[in-house]
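Structural features, examined
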Amino acid sequence: MNSTPLTFIVAHEDLARSLFAAVECILGKQQNVYTFTNKIDSLPVLTAKMVTLIEKQPELQVVCFTDLMGGSCWTLANMIHQKYPGMAVISGVNLPMLISYFNNCTDLPPVQLVEKTTNDGGRGIIAIQGSV
Amino acid sequence: MEVQLFRIDDRLIHGQVVLGWAKYLKSKHVILCDNEVAGNDWESELYLSCVPDELNARIMNTNDTSRYLNNGVVEPEKTIVLVKSPQIVRELIETGYRPRNVNLGGMHYGKNRKKYLPYVFLGKNDVEDLQFCIKNGVSIYCQDVPNSRKHKISNLLAL
């Protein structure tokens, strides 16, 4: 069993905090997870907070979830990824994705974990058409 | 002719701009004016990758932007110009381009910045640059998204 990766969830308004609260409601307490909102802090301030956490535990795998591809949270994560290429960035975060991630994060190797997490996030989206 | 929207936003190209304003205004072009981004291929690519297919985006430094805006932009009425701070507006004025109206859409929290609105935090230099712009005839209003209330910056700075 591996250590729990250092996990960031970065999103608009209170989305990251609320999504993570939903995860803990379903799976129980999780470790090494930090949620961020882009509501108030400038991107350099947010970057500094995240980089400090990465540098505190350099031995840990790092995974960063963001909500909107192309949004400021995603841009910020990409900029950190450029400095710390070991950090995986997954956009389009949703609850099925996070549930899959926390269920597997100590068991799967990094590349497979990111692949499974991303796939399971997509698999959680199913449409049932309404009758016209 | 004045561009459709001239916006100060420290996040440059992001959701509020390309999904909020550009859709609302039916814009066709985005000019990101920033010396740092223009001089960094990787950052330029990153920002360009955030632009939806229906928008044509270009990234230019301050001098090139000033020249381009003065020499006749293609479809100015369908163009959004983005800069990350009041300092860039000041630099544009000093290099010969003066926008008539500027939307201050996002300057977020940082050290030594005072809060004026939930999305406007300004440092001493930002205020000085805004005052320079106002003295040079630029009308500046704060508004983050198209359907939110407009605030005149001169009213906020007087507080």
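Everything here concerns the structure above.
Residues numbered from 1 in each chain as written. Chains lettered and ligands numbered in written order. Predicted model: local features only at pLDDT ≥ 70, side-chain atom pairs only at ≥ 80, totals over all residues. Heavy atoms only, no water.

Some remarks on the environment of B:D126
Residues and elements named next belong to chain B. By the secondary structure assignment, D126 is in helix α6 (residues 124-135). For the pair formed by D126 and H29, sequence separation is 97 residues and the distance between their alpha carbons is 27 Å. Non-local contacts of D126, meaning those with residues more than four positions away in its chain, are made with P86, M107, R113 and F121. (Helix = DSSP H or I, 4+ residues; strand = E, 2+ residues; numbered from the N terminus. Contact = heavy atoms within 4.5 Å.)

Description of the interface of chain A and chain B
Across the contact, 17 residues belong to chain A and 18 residues belong to chain B. Here chain A is connected to chain B by zero salt bridges. The interface formed by chain A and chain B includes four residue pairs in polar contact (both at pLDDT 80 or more). Elements with a contribution of two residues or more to the side of chain A that touches chain B: α2 (43-56) and α3 (72-83) of chain A. A per-element tally of the side of chain A that touches chain B places α3(A) first, with six residues. Residues of the side of chain A that touches chain B, tallied by class, amount to seven nonpolar, eight polar and two charged. (Salt bridge = Lys/Arg side-chain N within 4 Å of Asp/Glu carboxyl O. Polar contact = N/O pair within 3.5 Å; in protein donor to acceptor, adjacent residues only side chain to side chain. Nonpolar A, V, L, I, M, F, W, Y, C, P; charged D, E, K, R; others polar.)

What to know about unusual backbone geometry
Despite not being glycine, A:N32 has its phi angle at roughly 60°, a positive value. Assignment of secondary structure puts A:N32 in the loop between α1 (15-27) and β2 (33-37). Residues other than glycine seldom take positive phi values, yet B:E75 does so here, at roughly 50°. Among the secondary structure elements, B:E75 is positioned in the loop between α4 (62-70) and β4 (79-83).

Here we look at the packing of α4(B) against helix α5 (residues 86-94) of chain B
Residues and elements named next belong to chain B. The N-to-C vectors of α4 and α5 enclose an angle of 60°; their axes lie 9 Å apart at closest approach. Comparing the axis directions of α4 and α5 gives the class oblique. Taken as a pair, α4 and α5 cross one another with a handedness that is right-handed. For the pair α4 and α5, contact is made by T62, T65 and S66 and by I88, E91 and L92, respectively. Along the lines of polarity and charge, the residues of the contact of α4 with α5 split into two nonpolar, three polar and one charged. (Axes fitted to C-alpha atoms, helices over the stretch in contact; angles between N-to-C directions. Parallel < 35°, antiparallel > 145°, perpendicular 65-115°, else oblique. Left-handed = near helix turned anticlockwise from the far one by under 90°.)

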